[in-house]
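# Remarks on the overall topology
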Amino acid sequence: MAETTSRVQAVPSGPAIAATRGKPIDRDVLAGVVILVLLAAAPFLLSTFGHVFWLDVLLRAMILAIAAVSLNFIIGLGGLISLGHAAFLGIGAYSVGILADFDIDNGWLHLFAAVGLSAAFALIAGLIALRTRGVHFIMITLAFAQMLYFTMLGLRQFGGDDGLTINYASAFPAPFDLSDKTTLFYVVLVVLAVVMFGFARVRSSDFGLLLQAAKGNERRVAAVGFNPYRYRLVAYIIAGVVCGIAGFLDANFTSFVTPDAMSWTSSAELIFMIIVGGVGTVSGPVVGALLFLLIEEFLGGFTVYWHFWFGLFLIAVVLFAKGGLVGFLSRGRRA
């Protein structure tokens with residue numbers, strides 16, 4: 001088995017080879033640590049200078065960053081581009097909203113429902129979608145997400161297209177009161193840190209290297225005795241569960257959930273964040289999420305067509321910084 005594992009690790013090229021050299025990963029992880037430290041200091045700094053509004057922007061960005069990191073897990077390591085990943089955001093959010101609508105505010109039950117339903121949906125969708133590749137995989141994930149989207153759109157008892165107001169935040173024992181904005185901020189920050197460095201560990205593990213190997217040459221991985229389908233299915237379920245947790249946190253932040261949260265445009269925004277920050281990097285999705293929200297707030301104050309300018313920015317990143325901003329800065333330092 002040791003010989004087989006070494007043969008699989010010899011397969012990857014590009015990202016997997018970079019993952020074994022150390023220095024690029026160290027810079028990437030270091031950037032993640034710096035970002036987390038700055039975010040941890042943000043509530044104090046913003047309250048000191050009287051810019052409390054931006055605390056909500058950062059909180060929203062961190063929640064989207066968790067979802068983007070989960071999508072980066074299957075795109076960056078497995079090469080699986082999903083256009084229906086935001087469905088898990090909706091599942092996590094509606095798990096809170098529907099239970100609260102029945103006057104159930106138990107936070108552990110909310111979290112268990114978000115994780116369990118996200119895992120079940122990922123298993124069902126993954127069993128079918130992962131038998132395909134390329135554009136077929138994209139379309140099947142989109143089809144599953146759209147089925148869920150239109151289902152929630154038609155359920156008038158849970159708000160339909162008007163959305164569902166959440167009257168009860170997820171109740172946890174003290175000091176984890178998610179109805180308190182500062183407490184929720186640091187809970188989200190801790191979850192983001194765990195997800196980021198969990199991704200870093202998996203990326204350099206045998207499991208992560210095997211996913212990257214299958215992305216580069218699936219037949220060679222199968223030839224040495226591994227089943228890429230099973231590993232991809234596990235990765236898809238993990239990504240769905242993490243995104244479901246992001247939806248759970250988002251519901252407690254906004255106290256509102258709408259079917260638009262699981263639309264294909266929301267999934268596309270997550271992909272934008274990953275591309276801007278850097279596919280397969282630890283800090284890239286966080287950088288992309290922060291830039292996306294900051295650009296939306298700044299340009300949204302000047303024009304309703306801010307997506308046009310963000311599109312130009314995305315084109316510039318794709319043309320001149322193909323590894324995303326994190327990859328571009330890493331290359332600049334090495335040069």
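Because the structure is predicted, anything quoted here is derived from the model rather than measured. (Residues numbered from 1 in each chain as written. Predicted model: local features only at pLDDT ≥ 70, side-chain atom pairs only at ≥ 80, totals over all residues. Heavy atoms only, no water.)

## A word on the overall build of the protein chain
In terms of helices and strands, the protein chain carries 15 helices and two strands. Scaling as 2.2 N^0.38, a compact globule of 335 residues should have a C-alpha radius of gyration of about 20 Å, and the protein chain matches this with 20 Å. A burial count over the protein chain gives 49% of its 335 residues as buried. Long-range pairs, those at least 24 residues apart, make up 78% of the contacts in the protein chain between residues at least 6 apart in sequence. By element, 68% of the accessible surface of the protein chain is carried by carbon and sulfur atoms, the whole surface being about 15800 Å². Across the protein chain, 20 positive and 18 negative side-chain charges occur, with their mean positions spaced 21 Å apart. (Helix = DSSP H or I, 4+ residues; strand = E, 2+ residues; numbered from the N terminus. Rg over C-alpha atoms; globule rule 2.2 N^0.38 Å. Buried < 20%, exposed > 50% of the residue type's maximum accessible area, 1.4 Å probe, protein only. Contact = heavy atoms within 4.5 Å. Areas by Shrake-Rupley, 256 points an atom, 1.4 Å probe, with all protein chains shown as cover. Lys, Arg positive; Asp, Glu negative; His and termini not counted. Charge placed at Lys NZ, Arg CZ, Asp CG, Glu CD.)

## Comments concerning the packing of aromatic side chains
A complete count under the given rule lists 21 aromatic pairs for this structure. Considering the side-chain rings of Phe 88 and Tyr 236, the 6.1 Å spacing of their centres and the 75° angle between planes classify their relative orientation as edge-to-face. Taken together, the residues Phe 88 in helix H5 (residues 86-101) and Tyr 236 in helix H11 (residues 228-254) connect sequence positions 148 residues apart. Residue Phe 88 shares its accessibility class with Tyr 236, and that shared class is buried. Judged by centre distance (6.3 Å) and plane angle (90°), the ring pair of Phe 172 and Phe 248 falls under edge-to-face. Placement of the pair is Phe 172 in the loop between strand E1 (164-165) and helix H8 (181-203) and Phe 248 in helix H11, with a sequence separation of 76 residues. Three or more aromatic residues link up through ring pairs in this structure, and these residues are Phe 73, Phe 199, Phe 207, Phe 226 and Tyr 231. (Phe/Tyr/Trp six-rings, centres within 6.5 Å; stacked < 30°, edge-to-face > 60°.)

## Observations concerning the layout of surface pockets
There is about 410 Å³ of room inside the second largest pocket. Around the second largest pocket, the lining is made up of 20 residues, and of these Arg 60, Leu 64, Asp 250, Ala 261 and Ser 266 lie nearest the centre. Where the lining of the second largest pocket is concerned, the elements lending two or more residues are helix H4 (53-76), H5, H11, strand E2 (256-257), helix H12 (264-277), helix H13 (284-300) and helix H14 (306-320). Split into classes, the residues belonging to the lining of the second largest pocket amount to eleven nonpolar, four polar and five charged. (1 Å grid on protein atoms, 1.4 Å probe; cavity = no way out; pocket = protein on both sides within 12 Å on 5 of 7 lines; lining within 4 Å. Points joined across faces, edges and corners; volume = space filled by probe spheres on them. Nonpolar A, V, L, I, M, F, W, Y, C, P; charged D, E, K, R; others polar.)

## Overview of a nonpolar patch on the surface
Together, Val 304, Tyr 305, Phe 308, Trp 309, Leu 312, Ile 315, Leu 319 and Phe 320 make up a nonpolar patch on the protein surface, roughly 970 Å² of accessible area in all. Counting through the fold element by element, Leu 319 comes out in helix H14. (Patch = residues over 30% accessible without salt bridge, like charges linked within 9 Å, V, L, I, M, F, W, Y side chains within 5 Å. Salt bridge = Lys/Arg side-chain N within 4 Å of Asp/Glu carboxyl O.)

## A closer look at the packing of H4 against H13
Where H4 meets H13, the axes come as close as 8 Å, and the angle between the chain directions of the two elements is 140°. For the element pair H4 / H13, the angle class is oblique. Note that H4 runs across H13; the crossing there is right-handed. Residues Phe 53, Trp 54, Val 57, Leu 58, Arg 60, Ala 61, Leu 64, Ala 65, Ala 68, Val 69 and Asn 72 of H4 pack against Pro 285, Val 286, Ala 289, Leu 290, Leu 293, Leu 294, Glu 297 and Phe 298 of H13. Its residues assigned to classes, the contact of H4 with H13 shows 16 nonpolar, one polar and two charged. (Axes fitted to C-alpha atoms, helices over the stretch in contact; angles between N-to-C directions. Parallel < 35°, antiparallel > 145°, perpendicular 65-115°, else oblique. Left-handed = near helix turned anticlockwise from the far one by under 90°.)

## Remarks on H14
Helical geometry note: an α-helix holds 3.6 residues per turn, so side chains three or four residues apart project in the same direction. With 15 residues, H14 ought to run about 21 Å at 1.5 Å a step, and its terminal C-alpha atoms sit 21 Å apart, in line with that. Regarding H14, the residues found buried are Trp 306, Phe 310, Leu 314 and Val 317. Viewed end-on, H14 has its buried residues packed into an arc of 75°, placing them on one side of the element. Along H14, the residues that are exposed and aim more than 90 degrees away from the buried face are Phe 308, Ile 315, Leu 319 and Phe 320. (Expected span 1.5 Å × (residues − 1). Arc of directions from axis to C-beta.)

## Here's the deal with the side chain of Arg 232
Examined against the element boundaries, Arg 232 turns out to sit in helix H11. According to the relative accessible area criterion, Arg 232 is buried, its value standing at 4%. In contact with Arg 232, other than residues within four places in its own chain, are Gly 78, Leu 80, Leu 130, Arg 133, Leu 211, Ala 214, Lys 215 and Glu 218.

## Remarks on the nonpolar core
In terms of nonpolar packing, the biggest core is built from 94 residues, with Met 62, Ile 66, Ile 74, Val 188, Leu 192, Tyr 236 and Leu 270 touching the most fellow members. For this core, the element with the most residues is H4, which contributes 17 residues. For Leu 270, the residues in contact, after removing those within four places along its chain, are Leu 64, Ala 67, Ala 68, Leu 71, His 85 and Leu 89. Ala 213, Ala 214, Val 224 and Phe 226 belong to the second-largest nonpolar core, a separate cluster that totals six residues. (Core = buried A, V, L, I, M, F, W, Y, C linked by side-chain atoms within 4.5 Å.)

## Focus: unusual backbone geometry
Cis geometry marks the peptide bond from Ala 174 to Pro 175; its omega dihedral reads 10°. With respect to the helices and strands, the residue Pro 175 is situated in the loop between E1 and H8. Positioned with a positive phi, Asp 103 is a non-glycine residue whose angle comes to about 65°. The residue Asp 103 is located in the loop between H5 and helix H6 (107-129) in this model. Given a relative accessible area of 55%, Asp 103 falls into the exposed group. Even without glycine at this site, Ser 255 takes up a positive phi of about 55°.

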